Amino acid sequence: MKPTIYDVAEKAGVSIATVSKVVNNTGHISEKTRKKVMKIMEELEYQPSSLAAALTGKKTYTIGVLVPDIANPFFAEVARALENNARETGYSIILCSTDYQLEREQEYLELLLKKQVDGIIIATELKELKALQKLRSRNIPFILFSIDHLSLSAHVVTTDDIRGGYLAGCYLLEKGHRKMAMITEMERPSGRLRLEGFKQALADQKIELDSNAIINAKSKIEDAKLAAQKILQMKERPTAVFASTDLIAAVFINEARKAKVLVPKHISVIGFDNTIYAELSDPGLTTIAQPISDLARYAIQQLLEAIEEPRMPGRRIMLTPTLVERESVKDLTR
């Protein structure tokens, strides 16, 4: 059986209260007694309950992270970066993937509240904003990661998605492309903002993006396949496609290959995120890179500050994306 605080107290010959003081580093206890109790804890491999610590008003040193889809390499890399940064500050991560489902969203938030996490990083577009109000009512600090709600005075760490879309449009224009299409996640604000930036780049050159050339798709393999097929079957196929995530772009390249359409010889592709998919893609995927490591570092830093000072006003941190050039875009000007 797992050793309890009672086992430690009995073997050390002290009271439960004394063990509790050693665990929480409180009260006046002699150094001799403290060392004795700690030695017994080590011998028994006793692990203090984080929930018990929470009930006494202590930190649990755990952070909840809500993502929409851990199978998406962007969120997988975000989770890893958040965990690495959290560990450096003595915190552990509880990762929850909602799969875009309201029921899971609610269940996981309840779970995190029961686990008495010290704070929550929300990287999924919540279907009900009441959940955020609930967190506020319980004084649980939270950070919106890669999403934003202008109606909320919340802490936000995100990438400038409009700028990213604009960079993608400018790059394709520079390479001589004029007939383009975009596959984007219209359900996510980031997808809509990337589209906005892309359209603005084209508009600056007096080019309008045809509404039929805007395909809505979640960043999931089956959705991306259907979107790719729609573009590949167009009578007047575009010369270039901007995909709002690397996953969508990688799926497009694969579907194009099946249809005997070569990238970039017959059609060019540019992605967004700069995940492992961009490097593994054949050809290598030109993409708009999100500064994942910096985003994670700022998110953890911001959340820890909010944990220490719950009343501090919300702050928005927006980082600038960059273009990473590989081999998936053909230069039509040559």
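Refer to the structure printed above.
Residues numbered from 1 in each chain as written. Predicted model: local features only at pLDDT ≥ 70, side-chain atom pairs only at ≥ 80, totals over all residues. Heavy atoms only, no water.

## Concerning empty space enclosed by the protein
Scanning all chains against the criterion turns up one cavity of 30 Å³ or more. Taken as a whole, the largest cavity holds about 70 Å³ of empty space. Surrounding the largest cavity, 13 residues form its lining, Phe74, Phe75, Glu185, Arg188 and Thr245 being those nearest its centre. Taken together, the elements giving at least two residues each to the lining of the largest cavity come down to helix H5 (73-88) and helix H9 (189-204). Partitioning the lining of the largest cavity into residue classes produces three nonpolar, six polar and four charged. (1 Å grid on protein atoms, 1.4 Å probe; cavity = no way out; pocket = protein on both sides within 12 Å on 5 of 7 lines; lining within 4 Å. Points joined across faces, edges and corners; volume = space filled by probe spheres on them. Helix = DSSP H or I, 4+ residues; strand = E, 2+ residues; numbered from the N terminus. Nonpolar A, V, L, I, M, F, W, Y, C, P; charged D, E, K, R; others polar.)

## Some points on helix H7 (residues 130-137)
One turn of an α-helix holds 3.6 residues; hence residues three or four places apart share an orientation. Turning to H7, its buried residues number three or more, namely Ala131, Leu132 and Leu135. For H7, the angular spread of buried residues about the axis comes to 100°, placing them on one side. Residues of H7 that are exposed and angled more than 90 degrees away from the buried face: Lys130, Gln133 and Ser137. Of the surrounding elements, those touching the buried residues of H7 are helix H6 (102-114), strand S3 (119-122) and strand S4 (142-145). At the C-terminal side of H7, asparagine 139 shows a positive phi close to 60°. (Buried < 20%, exposed > 50% of the residue type's maximum accessible area, 1.4 Å probe, protein only. Arc of directions from axis to C-beta. Contact = heavy atoms within 4.5 Å.)

## Remarks on the sheet that holds strand S11 (residues 316-319)
Spatial ordering of the open sheet is given by S2-S1-S3-S4-S5-S11, a layout of six strands whose pairing is parallel. At either margin of the open sheet sits one strand with a lone partner, and together these are strand S2 (92-97) and S11. Between one strand axis and the next, the sheet turns through 15° on average, direction left out of account. Bridge count for strand S1 (residues 62-67) against S3 is four bridges, and the pairing is parallel. In the sheet register, glycine 64 faces S3, and the bridge partner there is isoleucine 120. Across the face of the sheet, H6 comes into contact with S1, S2 and S3 while running at roughly 160° to S2. (Pairing = 2+ DSSP bridges. Axes fitted to C-alpha atoms, helices over the stretch in contact; angles between N-to-C directions.)

## Looking at the packing of H5 against helix H13 (residues 292-308)
Where H5 meets H13, the closest approach of the two axes is 9 Å, and the angle between their N-to-C directions is 50°. Classed by the angle they form, the pair H5 and H13 counts as oblique. For the crossing formed where H5 meets H13, the hand is right-handed. For the pair H5 and H13, the contacting residues are Phe74, Glu77, Val78, Ala81, Leu82, Asn85 and Ala86 in the first and Ile292, Ser293, Ala296, Arg297, Ala299 and Ile300 in the second. Of the residues assigned to the contact of H5 with H13, the class counts are nine nonpolar, two polar and two charged. (Parallel < 35°, antiparallel > 145°, perpendicular 65-115°, else oblique. Left-handed = near helix turned anticlockwise from the far one by under 90°.)

## Considerations on the pattern of salt bridges
All told, the structure shown has twelve salt bridges when counted by the stated rule. The partner of glutamate 43 in a salt bridge is lysine 11, and the shortest N-O contact between them spans 3.5 Å. Placement of glutamate 43 in helix H3 (residues 31-44) and of lysine 11 in helix H1 (residues 5-12) is noted, with a sequence separation of 32 residues between them. Judged by relative accessible area, which is 48%, lysine 11 ranks as partly exposed. With a closest N to O distance of 2.9 Å, lysine 220 and aspartate 99 form a salt bridge. One end of the pair, lysine 220, is in the loop between strand S7 (214-216) and helix H10 (221-232); the other, aspartate 99, is in the loop between S2 and H6, with 121 residues separating them in the sequence. Given the relative accessible area of 26%, lysine 220 is considered partly exposed. In this structure aspartate 99 comes out as partly exposed when scored by relative accessible area, which is 24%. Salt bridges here are not isolated pairs; linked through shared partners, they connect Lys175, Glu325, Asp331 and Arg334. (Salt bridge = Lys/Arg side-chain N within 4 Å of Asp/Glu carboxyl O.)

## Let's talk about the environment of leucine 109
Following the sequence through the fold, leucine 109 ends up in helix H6. Among the residues examined, leucine 109 registers a relative accessible area of 6% and is labelled buried. Along the chain, leucine 109 and valine 65 lie 44 residues apart, while their C-alpha atoms are 9.7 Å from each other.

## What to know about the side chain of serine 219
The topology assignment puts serine 219 in the loop between S7 and H10. Of the polar contacts made by the side chain of serine 219, one reaches the side chain of asparagine 72; its length is 3.2 Å. At 2.8 Å, the side chain of serine 219 and the side chain of threonine 245 are in polar contact. For serine 219, the residues in contact, after removing those within four places along its chain, are Asp69, Asn72, Glu185, Thr245, Leu247 and Ile248. (Polar contact = N/O pair within 3.5 Å; in protein donor to acceptor, adjacent residues only side chain to side chain.)

## Considerations on the pairing of S4
Burial of S4 is two-sided: the residues Phe142 and Leu144 facing one way and the residues Ile143 and Phe145 facing the other way are all buried. Note: S3 against S4, three bridges, orientation parallel. Looking at the pairing, isoleucine 120 lines up with phenylalanine 142 of S4. Read from S3 through H7 to S4, the crossover connection turns out right-handed. Relative to strand S5 (residues 155-159), S4 is paired through three bridges, and the arrangement is parallel. Residue phenylalanine 145 lies in a different strand from S5, and its bridge partner there is valine 157. (Right-handed = clockwise from strand over helix to strand, strands pointing away.)

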